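Architecture at a glance
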Amino acid sequence: MSFLNIALLGGVLALAIPIIIHLFHKSRFQIVKWGAMHLLEAVLRTNQRRIKIEQLILLIIRAAIPALLALCMARPVWKGMHKLVGESRTSTVILLDNSYSMAASRAGTSNFALAKDEAARLLNELPRGSDAQVVLMGEGGAPLLDEPTYDLARLTQALKSIEASYGTATVPAGLDFATNVFGQMHESSRNLVVMTDFQRISFEATEDSEVGQMLDRLRKLPLPPEVTFFDVGSEVKDNVAIESLDYSRLMVGIGQKIQVRANLRNFGDAPYQDLRVYFKADGKERSMAQIRLGPHEKGQVLFTHAFESAGSHIVEVVADADPLKADNSYLASIPVRDKIPVLLVNGDPSAEPLKGETDFAEIALQPYSATGRVALADLISTKVARTENIDAAGINASAVVVLANVRQLDGGQLHALEEYVRNGGGLLIFPGNRVDAAWANANLFKDGKGLLPLAMGALGGDLKEAAPAIGIVSQRFDHPALDLFNDPRNGTVSDASIKMWYRLKEPAAASANAPAIVARLTSGDPFLVEKQFGDGRVIQCAVPCDADWSNLPMRPFYLPMMQRLAIYLASTVFPPRNLEVSKPLVAFLPVGDAGKKASLMLPDGTTRELPVVKKNERGVVEYGRTQQPGLYTLTAPSGTATHFVVNTSRRESDLQELTDNEIADFAKSHRVSVVHSGAEYKQLDRSRRFGSEFWRPLLGLLLVLIFAEIFLQQRFARVRRTKTDDGFPQGMPRRHGARL
């Protein structure tokens, strides 16, 4: 506690005045003994005790009145014991919402510009000797400087250069980050200021409990900070966003036409009658379309393009919409293949035509090259190898590996194949008469932890001519590898006739990580099963890829099915080139580049030199600071350029904010303060720094005591009058003419 007018505190000594008056007027009685005194002694003793208690109560009240009056005039201020007096040095962390919704503007000024101005003003008004840090709240939090600083001018200068376009603001992660920052700070008085637009998507009910947990963690710090949420800017409702891009092909080859569908959404109340949407490829505008979007309506625009060269290419769709530029465009990196290299591992080779295990598959995957009669190029390029000849180098050079009737792999081959798939490769497994099912279950399935999606059970069916055959269930397929068969013109899978197959063992209980059944046999057994393994995918078939157990290679659907399976498995470009904000950028280069430097150009035009590190049988480049959306171009030591694109989540495109009542409820439930302006924050900070005056409650107590003193004095006097009559205690016998 402190006092604004501490000199007036001396008035408390006035409490001595009633005490002095009481002592000065205290009656001094002369004791005269008389004969009947013993009859009154008991009554007088009782009355005297009561009178003393009454006088003591009145004396305390009368002494408290001038003391309280003096305290009121001294203007007492209550401050917590952990606070320092006056302009104390503070440790301040500003959590700054730099999500791209903060770039929304009204009258030409964005909410983020207002937030930066308020943050700079707050830093400039900190007491001399204070330390501070600014944490950018987009995508989990990142410090503006490497560590908290006492150089507030440097921090303010760094604040000027940042922009709002860094994905979604995650409030719990930001609070968690701030908790760790306070561990690096030194002053005992601490403040945390969260500057946000209170966008509804950032304060979802699903994250509310997590916000509470992070705030409780802050309060449990040895020196807990005062937490203030600063509502900056104003709600902007009108916004159009390009939410995503879809492609007509799983894999793009040279000269192949690809359709790019842009999905747009109007989040605002105003209609767009003729919204122009532009399509760009490799930075050049190729076409333009117009679309009408009503309020809160979705729409699509379709563009067609063909790339004339292999390599890494960029497409971009741009809408000529509103001032919030971050979601008006959508970038994508598209690798264009000259060839898709597929390694066919032949587990049962033969010198006779169409007798080898992979002969039919090879023709299906590259039909033009196999016939040599049509002057067209195949997108897929196959290489056939015997089981004993495959190694890590051959596996890693392939986009897809096909194991066809392979009996076993040695330890080195199995390890190389696992690493290949784990790092994004595609694996297609066909059984056959040479397969060692026990080895496969022990080394490929591994109780569900290996490459094989399902364990191999007993054989089903019989190859005898009279034995019945089964088929493939014809249905509507949702899987990308088979969805083309929803159109009967591409073939009908029900034409298959299968005499023998492996019964694949499905798990007894379904789980989130269970393999996906892509297609089934009419017996109810799985036909094709898919499993995610690391960053790659594995598809397992129940029958061989040759004609030993079925007529699949003779059916019209066999060729498109094999090609779609291979292209689907190869379409997982890994490491991925289209990233979310803050996801690491990783590139695989030839192992010969290990030890050299690669150059990475960032979206802002600056470059970074990155080392190429050898990992297994390849060179690897990694870059983790991808908080800034846009185009990243990696140039390998050989000069080859690879494009990586970072797009922000479109969750932020809905600019709706919490209502004032919802903000008030949030503040009450989490016991935090909320301000809406710099002046309001300054007043709040002053009350915290200098404390809160409470002379008004003391004044109320003073008035109560005054009325209590008057009331008790009259009551005590009235009681005494009723207790006595003509000087005789009530109840005593009276005799006329008696004189005391």
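What comes next is a walk through the structure. Everything numeric in this text was worked out from a predicted model, so none of it was measured.

With that settled, consider the overall build of the protein. When helices and strands are tallied, the protein shows 15 helices and 38 strands. Relative to its full complement of 740 residues, the protein shows a buried share of 47%. If you take every contact in the protein between residues at least 6 apart in sequence, the share linking residues at least 24 apart comes to 73%.

Let's shift gears to the pattern of salt bridges. Within this structure, the stated rule accounts for 17 salt bridges. The partner of Glu-118 in a salt bridge is Arg-121, and the shortest N-O contact between them spans 2.8 Å. One end of the pair, Glu-118, and the other, Arg-121, are both in helix H3 (residues 111-124), 3 residues apart, so they sit about a helical turn from each other. Judged by relative accessible area, which is 18%, Glu-118 ranks as buried. By relative accessible area, which is 41% here, Arg-121 ends up partly exposed. For the salt bridge of Arg-503 with Asp-525, the shortest nitrogen-to-oxygen distance reads 2.8 Å. Of the two residues, Arg-503 is situated in strand S23 (residues 500-505) and Asp-525 in the loop between strand S24 (516-520) and strand S25 (526-533); the sequence distance between them amounts to 22 residues. The class of Arg-503 is partly exposed, set by a relative accessible area of 35%. Salt bridges here are not isolated pairs; linked through shared partners, they connect Asp-216, Arg-219 and Arg-671.

What follows deals with the environment of Tyr-632. Here Tyr-632 lies in strand S33 (residues 630-635). Judged by its relative accessible area of 1%, Tyr-632 is buried. Each C-alpha atom of the pair Tyr-632 and Arg-577 lies 9.5 Å from the other, and the pair is 55 residues apart in sequence. A distance of 2.6 Å separates the side chain of Tyr-632 from the backbone oxygen of Gln-628, its partner in a polar contact.

Let us look at the state of the cysteines. Under the counting rule described, the total for this entry stands at 0 disulfides. Left unpaired, Cys-541 is separated from the closest cysteine sulfur, that of Cys-545, by 8.5 Å. Given the relative accessible area of 4%, Cys-541 is considered buried.

Within the open sheet, the 7 strands sit side by side as S19-S18-S20-S21-S26-S25-S24. Their pairing is mixed. Strands with a single pairing partner mark the edges of an open sheet, and in this sheet they are strand S19 (380-386) and S24. Here the strands of the sheet are splayed against their neighbours by 20 degrees on average, with no regard to which way each runs. Pairing geometry for strand S20 (residues 400-404) and strand S21 (residues 426-430), over 5 bridges, is parallel. Within the sheet, the bridge partner assigned to Val-402 lies in S21 and is Leu-428.

Attention shifts here to a nonpolar patch on the surface. A surface patch of nonpolar side chains, amounting to about 440 Å² of accessible area, comprises Leu-699, Leu-703, Ile-706, Phe-707 and Ile-710. Mapped onto the elements, Leu-703 comes out in helix H15 (residues 695-723).

Our focus in this paragraph is the sheet that holds strand S17 (residues 329-337). Strands sit in the order S11-S17-S16-S13-S14 across an open sheet of 5 strands; the sheet is mixed. A strand with exactly one partner marks an edge of an open sheet, and here the two such strands are strand S11 (252-253) and strand S14 (284-293). Examined bridge by bridge, strand S16 (residues 311-319) and S17 share 8 bridges and lie antiparallel to one another. Following the sheet pairing, Val-317 is matched in S17 by Tyr-330.

When two helices pack together, you describe them by how their axes are tilted relative to each other and by the distance separating the axes. Direction vectors running N to C along H3 and helix H4 (residues 152-160) enclose 175 degrees, while the axes themselves pass 10 Å from each other. By the angle between their directions, the pair H3 and H4 is classed as roughly antiparallel. Touching Lys-116, Ala-119, Ala-120, Leu-123 and Asn-124 of H3 are Leu-152, Leu-155, Thr-156, Leu-159 and Lys-160, all from H4.

Our next topic: the nonpolar core. Counting 47 residues, the largest nonpolar core has Ile-340, Val-342, Ile-472, Phe-527, Tyr-558 and Met-561 as its most contacted members. Elements that contribute at least two residues to this core include exactly strand S18 (340-346), helix H7 (359-365), S20, S21, S24, S25, strand S26 (536-541) and helix H12 (558-570). Sorting elements by how many residues they give to this core places H12 first, with 9 residues. Those residues in contact with Met-561 that lie beyond four places of it in its chain are Leu-482, Phe-485 and Phe-527. If you look at the next biggest cluster of nonpolar residues, it comprises 35 residues, including Ile-390, Leu-403, Ala-437 and Val-538.

What counts and what doesn't
- Residues numbered from 1 in each chain as written.
- Predicted model: local features only at pLDDT ≥ 70, side-chain atom pairs only at ≥ 80, totals over all residues.
- Heavy atoms only, no water.
- Helix = DSSP H or I, 4+ residues; strand = E, 2+ residues; numbered from the N terminus.
- Buried < 20%, exposed > 50% of the residue type's maximum accessible area, 1.4 Å probe, protein only.
- Contact = heavy atoms within 4.5 Å.
- Salt bridge = Lys/Arg side-chain N within 4 Å of Asp/Glu carboxyl O.
- Polar contact = N/O pair within 3.5 Å; in protein donor to acceptor, adjacent residues only side chain to side chain.
- Disulfide = S-S within 2.5 Å.
- Pairing = 2+ DSSP bridges.
- Axes fitted to C-alpha atoms, helices over the stretch in contact; angles between N-to-C directions.
- Patch = residues over 30% accessible without salt bridge, like charges linked within 9 Å, V, L, I, M, F, W, Y side chains within 5 Å.
- Areas by Shrake-Rupley, 256 points an atom, 1.4 Å probe, with all protein chains shown as cover.
- Parallel < 35°, antiparallel > 145°, perpendicular 65-115°, else oblique.
- Core = buried A, V, L, I, M, F, W, Y, C linked by side-chain atoms within 4.5 Å.

Don't take any of this as a statement about function, it's just geometry.
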